[in-house]
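So you can see what is in the structure, the chains are spelled out below.
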Amino acid sequence: MNYNPFSLAGKTILVTGASSGIGKAIAIECSKMGAKTIISGRKKERLDDTFSLLQGEGHKLILADFQEEEGVNSIVNNLETIDGVVHCAGIAKPLPFQFINDSVLSEVLKVNFMAPALLSQQIVKGKKLNRNGSIVFISSISGILCSFVGGAVYSASKGAINGLVKGMALDLAPKGIRVNSILPGMIDTNFLKDGIITQEQLDQDKKRYPLGRYGRPEEVAYAVTYLLSDASIWMTGSNIVIDGGYTLI
Amino acid sequence: MELDNFVKNFADQFEETDLQLVHAGTKFRDLEEWSSLAAMSIIAMVDEAYKIKLTGDDIRKSNTIEDIFNVIISRK
């Protein structure tokens, strides 16, 4: 039996931030669902690793760093016509509010908000997204639903994405292009393991999730593949919460 | 002198704490106002004032304010 409304066979999907974490899992799931997957990221070695884990044929890899001026262009210039894009590239930089400054604000907003907004704009304007295409943003529960200690800048960047999704969905509806986002709670990746927050704090935080643990990257990826597939063809402007029940309490 | 200055910068991160309680030998976890936000503020203050990037783990392994100061000195 071949019935599968969630299939991505015949589709080409671009996944940014595919060198690690949620982006990596999404790239792999897309390939498993039959998509030709174009992955981008800033770390070559890790991107190669993701690439080696993709199933099937015809995938492509583009090196791009959104902290650089040329980041967005280097993707668009190397892009063929696609059916979907998933914006996963993101940084956190937790910092107590009284210590935020121009450079942190610029850096985080650039990578988490400006780059995905402009990349989408250039893809659409360049007519590189097919009719019935799907744009998916990985936002966060931090921003419009809650935040965390030292999370003001990150939350601002993610909250901005949720507003962007609403406006884009409306403007792109005539083209049949759908725009949605996922709001994950904390996912078990190395995202926050590079310093300022200790493992102890993370272990403590985990206990606050009604479902008893942090999410796994593939648990976000399953929802993304749904949003990329024709199964969600009548869905646009939605923010899907996947947080183990965290924001219920 | 540098240590005194660090203790002052450390104390600056607190609002309610009696400054008499904050000296080089203070076990900072015993301060009532100590929290994960305070730890994050200390890390941010050290980055700003000393251009050294401490990790949460550096704080976790330290007991006194001077311990943190020594980590900074060792990284200079």
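Residues numbered from 1 in each chain as written. Chains lettered and ligands numbered in written order. Predicted model: local features only at pLDDT ≥ 70, side-chain atom pairs only at ≥ 80, totals over all residues.

Peer 1: Describe in detail the confidence of the model for chain B, supporting the description with residues and values.
Peer 2: All names here are of chain B. On average, residues of chain B score 91 in pLDDT, and 99% of them are at 70 or above. For chain B, the element scoring lowest by mean pLDDT is helix α3 (residues 56-61), at 90; helix α4 (residues 65-75) scores highest, at 95. Quick note on the complex model: pTM equals 0.91, ipTM equals 0.82. (pLDDT = per-residue confidence, 0-100. Helix = DSSP H or I, 4+ residues; strand = E, 2+ residues; numbered from the N terminus.)

Peer 1: Kindly report on unusual backbone geometry, identifying the contributing residues and their values.
Peer 2: Its identity is not glycine, yet A:Asn132 carries a phi of approximately 70°, on the positive side. The topology assignment puts A:Asn132 in strand β5 (residues 129-138). Judged by the 14 C-beta atoms lying within 10 Å of it, A:Asn132 falls in the partly exposed class. Positive phi is not limited to glycine here, since B:Lys51 has a value of about 55°. (Buried ≥ 20, exposed ≤ 12 C-beta atoms within 10 Å, placed from the backbone.)

Peer 1: So what about the packing of helix α1 (residues 21-32) of chain A against helix α8 (residues 217-228) of chain A? Which residues, and what values?
Peer 2: Residue and element names in this part refer to chain A. Where α1 contacts α8, the axes come no closer than 8 Å and their chain directions differ by 50°. With respect to their mutual orientation, α1 and α8 come out oblique. Classified by chirality, the crossing of α8 by α1 is right-handed. Contact residues: α1 offers Gly21, Ile22, Lys24, Ala25, Ile26, Glu29 and Cys30, while α8 offers Pro217, Glu218, Val220, Ala221, Tyr222, Val224, Thr225 and Leu228. Residue classes in the contact of α1 with α8 are distributed as 10 nonpolar, two polar and three charged. (Axes fitted to C-alpha atoms, helices over the stretch in contact; angles between N-to-C directions. Parallel < 35°, antiparallel > 145°, perpendicular 65-115°, else oblique. Left-handed = near helix turned anticlockwise from the far one by under 90°. Contact = placed C-beta atoms within 7 Å. Nonpolar A, V, L, I, M, F, W, Y, C, P; charged D, E, K, R; others polar.)

Peer 1: So what's going on with α8(A)? Which residues, and what values?
Peer 2: Residues and elements named next belong to chain A. For α8, which comprises 12 residues, the first-to-last C-alpha distance of 17 Å matches the rise-based estimate of 16 Å (1.5 Å per residue) to within 8%. Listed in full, the buried residues belonging to α8 are Pro217, Val220, Ala221, Val224, Thr225, Leu227 and Leu228. Projection of α8 onto a plane perpendicular to its axis shows the buried side chains occupying an angular sector of 155°, all on one side. For α8, the elements touching its buried residues are β1 (12-15), α1, β4 (82-87), β5, β6 (178-184) and β7 (239-242). (Expected span 1.5 Å × (residues − 1). Arc of directions from axis to C-beta.)

Peer 1: Account for the sheet that holds β1(A), with residues named and values stated.
Peer 2: Neighbouring strands of a sheet are bound in pairs by backbone hydrogen bonds; such pairs are parallel or else antiparallel. Residues and elements named next belong to chain A. Sheet architecture is open: seven strands sit in the order β3-β2-β1-β4-β5-β6-β7, paired in parallel fashion. The sheet terminates laterally at β3 (60-63) and β7, the two strands that pair on one side only. Here the average twist between neighbouring strands, direction ignored, is 15°. Taken together, the five bridges between β5 and β6 define a ladder with parallel strand orientation. (Pairing = 2+ DSSP bridges.)

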